[in-house]
Every structure is written in structure tokens, then in C-alpha cells.
Amino acid sequence: MSDRFGIFKLQGERLRQFYEFCNEKSLSPDEELTQIEYAFYEIMKNPSVEGNLFRKASSIEEAAALFHTYVLEDMTGYDRTVKLAYEFKNRYGS
Amino acid sequence: MSELNLFESEFYGDKIRWFIGIVEKVDGDPQTLGRVKVRAFGIHNAYISEIAIDDLPWATVMVPTGVSGTGQSPTGLQNGTMVFGVFLDGKHSQNPVVLGSLPKIESGLVDNITPQQKIKPGKVGTNLGASGTLSNTTPPTRSGSSAGGSGDALYSAGINNGFGSDAAAVMTASIMDRIS
């Protein structure tokens, strides 16, 4: 796992594309904000992470499963993600 | 010594503790003194489930001399404002006073927000601002800032880019959990 990078543990082709994204926009890959921006970019633009399925998920559990499967590629922490997501939805959702 | 034992010393200032935090609530002060609820970085946990907004201490807001502070709050503070202040009771940290607000550098996640979107009463903001959105057609860009994130900004960014509320909440939770 040591070759994984950043808060989303990117590796392989996704990591290469992330660096390409940073180069194109002259952003520092080490900055968390850059990594967050790339996560949004990836979900919106890259069908390989099942962005549409994620965006249209009909429940927090489904969204969390998709996010862990396709974005994080790791189900570790799924329960915590679900718990926090409910909290954020209650906090910010109208 | 205060009857409420809020001060450790007769000489206020001997053991004060300064803080930087985010305004979480600007209305509802039972004493109508214009006090606000502030979540102080490093002192109050970021998650509402662990420290609810109502459990945060009311912070008196210092106003310029000549301003009575009576009636409608003259402080101008809004939810999401970053503030600097001191706890008069030092380590007990139950008697905060806000001395001023701090300008924030908004990230690209909030570059496209409208004034109406920027203020979202009753919601919580952190160091990205009170609310935000991404462009509907292009990936986020930014003007540059330090790393950090606002749950409110991230959630709004997701919603404004066609995420369902569940997806936006999951995205927000995942990111905030990793950068907190």
C-alpha cells in the first residue's frame, strides 16, 4: 500500500491521471485541496469510477458502497462513512 | 472572584487561553446580547454528534466603544465566520470572548458561489467558507489556498453538480473524515 498516494490512496493509472491533472492545472499534488478537486473531477468526468451511479444513488448505504468500491477501492471504514454521511446529510441537507 | 467561578484568578488575563474558531450559531442568545456559538479549533471536536452546537458555550462578542450592543446584534458575524478570541477562564474554556473576525482565503470550491448561496443560515462552515459550488460543466478551479475543507461547501458543491443528497453526504463524509 506504500505506493498509494494521498487521501484517496490513488495508485496505478488513476495516480498517473491525477499527476497529469495537476500538471495541466499547475497544482501541487501534495495539497489536500488538489486531491479533493481531483476526486470531484474524477466522479464528474470519468465513467470508470461509476460517477453517474454514485451521483444518483438512492441511499447513503448505496452511495457509500459505490464510493468505497470505485473511488477509495477499499471497503475499510464503510460503516464510519455511512455514519458520518447521515450526520452530514442531517446537518446540511434541507 | 466571580460568583460563577468562571475566572481562575482575580486578575483577568493571567490565565486566558486564546482560540481561533468558526461561528456556528448567531441567533438564539437567551440573553439577547448578540452572543454567538463558536467551535474552537483544537478544543471542540468537529463533529456535531460529539459536540452539538447547542453544547458550545456562548461567546460574548467584543464591540467597538460607542456601540451599545443592545437590541439587534451589531456584530455582523455570520455562520461560518472565522473568529479570534480568548477564553477568560483559561483551561476551563467555558467563557469565550470573540475579539474579532479573520479574513479567509476562499478556495476554488467556492469560486462560483453567488452572494445568496454564500450565506446559509443555520449551517456550519469551516475554513473554506460557509457554502460553495463547483461549476456544472468544468472541474473545479481555484485561486489558491491552504489545504482544508468545509463540509458545507463540499456538500453544496455536490448538490450543485447534480449529486443526490445521499451521494453528496457520502462524498462530504469521506473527504472531511480524511482531512480532519
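About the thresholds
- Per chain, residue numbering runs from 1 following the sequence as it is written.
- Chains carry letters and ligands carry numbers; both start at the beginning, A for chains and 1 for ligands, and go up in the order they are written.
- Totals for whole chains, interfaces and linings use every residue, but because this is a predicted model, local features are given only for residues with pLDDT of at least 70 and side-chain atom pairs only at 80 or more, for both listing and counting.
- As a rule here, side-chain values cover all heavy atoms of the structure and leave hydrogens and water aside.
- Secondary structure counts use DSSP, requiring at least four H or I residues in a row for a helix and at least two E residues in a row for a strand, with both numbered from the N terminus.
- The classification of residues rests on relative accessible area computed with a 1.4 Å probe and restricted to protein chains. Under 20% of the type maximum is buried, over 50% is exposed, and intermediate values are partly exposed.
- Note on definitions: a residue-residue contact is assigned when non-hydrogen atoms from the two residues lie within 4.5 Å.
- Only the protein chains shown count as cover for residues, and the accessible areas themselves come from Shrake-Rupley with a 1.4 Å probe.
- Each pair of strands is called paired provided DSSP finds at least two bridges between the two strands.
- Orientation is described by lines fitted to C-alpha atoms, with helices fitted over the stretch in contact, and by angles between N-to-C directions that extend from 0 to 180 degrees.
- Put simply, buried Ala, Val, Leu, Ile, Met, Phe, Trp, Tyr and Cys residues joined by side-chain atoms within 4.5 Å make one nonpolar core.
- Throughout, a crossing is termed right-handed when the near helix is turned clockwise from the far one, and left-handed when it is turned anticlockwise from it by less than a right angle.
- Note that Gly is not counted as nonpolar here; it falls among the polar residues with everything else outside the nonpolar set of Ala, Val, Leu, Ile, Met, Phe, Trp, Tyr, Cys and Pro and the charged set of Asp, Glu, Lys and Arg.
- Geometric relationships in this document are graded by angle, where less than 35 degrees denotes roughly parallel, more than 145 denotes roughly antiparallel, 65 to 115 denotes roughly perpendicular, and other angles denote oblique.

Chemist: How should the overall build of chain A be read in this particular structure?
Modeler: From N to C terminus, chain A includes five helices and zero strands. When the elements of chain A are put in sequence order from the N terminus, they spell out α-α-α-α-α. Counting the 94 residues in chain A, one finds 47% classified as buried. The contacts in chain A between residues at least 6 apart in sequence include a share of 35% that link residues at least 24 apart. Of the roughly 4800 Å² of accessible surface on chain A, a fraction of 49% belongs to carbon and sulfur atoms.

Chemist: Whenever I open this one, the sheet that holds strand 4 (residues 82-87) of chain B confuses me. Can you help?
Modeler: Strand-to-strand pairing in sheets goes through backbone hydrogen bonds, with the strands running parallel or antiparallel. Residues and elements named next belong to chain B. The strand order 1-2-3-5-4 describes a closed barrel built from five strands, whose pairing is mixed. For this sheet the average axis-to-axis angle between neighbouring strands, irrespective of direction, equals 55°. Here two bridges tie strand 3 (residues 58-61) to strand 5 (residues 96-102), and the two strands are oriented parallel to one another. For T60, the partnering residue across the bridge sits in strand 5 and is V97.

Chemist: Even after reading the chapter, I still don't get the nonpolar core, so can you show me in this structure?
Modeler: In a soluble, globular protein the nonpolar side chains are often hidden away together inside. The biggest cluster of nonpolar side chains holds 42 residues, and the ones touching the most others in it are F8(A), F40(A), F54(A), F67(A), F163(B) and M171(B). Secondary structure elements with two or more residues in this core: helix 1 (12-25), helix 2 (32-45), helix 4 (60-72) and helix 5 (78-92) of chain A together with helix 2 (151-160) and helix 3 (165-179) of chain B. At nine residues, the largest contribution of residues to this core is made by helix 3 of chain B. Not counting residues within four places of it along the chain, the set of residues in contact with F8(A) comprises Q35(A), I36(A), A39(A), F67(A), V71(A), L72(A), S174(B) and I175(B). Residues A40(B), A59(B), V83(B) and V98(B) belong to the second largest nonpolar core, which totals eleven residues.

Chemist: Could you clarify how one ought to interpret the side chain of D29(B) in this entry?
Modeler: With respect to the helices and strands, D29(B) occurs in the loop between strand 1 (17-25) and strand 2 (36-40). Those residues in contact with D29(B) that lie beyond four places of it in its chain are G34(B), R35(B) and W58(B).

Chemist: What exactly am I supposed to notice about the pairing of strand 2 of chain B here?
Modeler: Put simply, side chains in a regular strand alternate between the two faces of the sheet. Residue and element names in this part refer to chain B. With five of its five residues buried, strand 2 lies for the most part within the structure. Burial along strand 2 is two-sided: the residues V36, V38 and A40 and K37 and R39 are all buried. Summarising the sheet, strand 1 and strand 2 pair through four bridges and their orientation is antiparallel. Counted as the bridge partner of K25 is K37 from strand 2. As paired elements, strand 2 and strand 3 share two bridges and run antiparallel to each other. From the neighbouring strand, K37 faces strand 3, where its bridge partner is W58.

Chemist: I would appreciate a short explanation of the packing of helix 2 of chain B against helix 3 of chain B in the present structure.
Modeler: Two quantities define a packed helix pair, namely the angle between the axes and the distance from one axis to the other. Residue and element names in this part refer to chain B. Two numbers describe how helix 2 lies on helix 3: the axes approach to 8 Å, and their chain directions differ by 145°. Of the two possible hands of crossing, helix 2 and helix 3 adopt the one that is right-handed. When helix 2 is examined against helix 3, the residues G151, L154, Y155, G158 and I159 are found in contact with a partner set consisting of S165, A168, A169, T172, I175 and M176. For the contact of helix 2 with helix 3, the class distribution of residues is seven nonpolar, four polar and no charged.

Chemist: Just checking my understanding: could you explain the packing of helix 5 of chain A against helix 2 of chain B for this structure?
Modeler: The interhelical angle for the contact between helix 5 of chain A and helix 2 of chain B, taken along N-to-C directions, is 85°, at an axis separation of 11 Å. When the interaxial angle is binned, helix 5 of chain A and helix 2 of chain B end up roughly perpendicular. For the pair helix 5 of chain A and helix 2 of chain B, the contacting residues are F88(A), K89(A) and Y92(A) in the first and G151(B), D152(B) and Y155(B) in the second. Broken down by class, the residue content of the contact of helix 5 of chain A with helix 2 of chain B amounts to three nonpolar, one polar and two charged.

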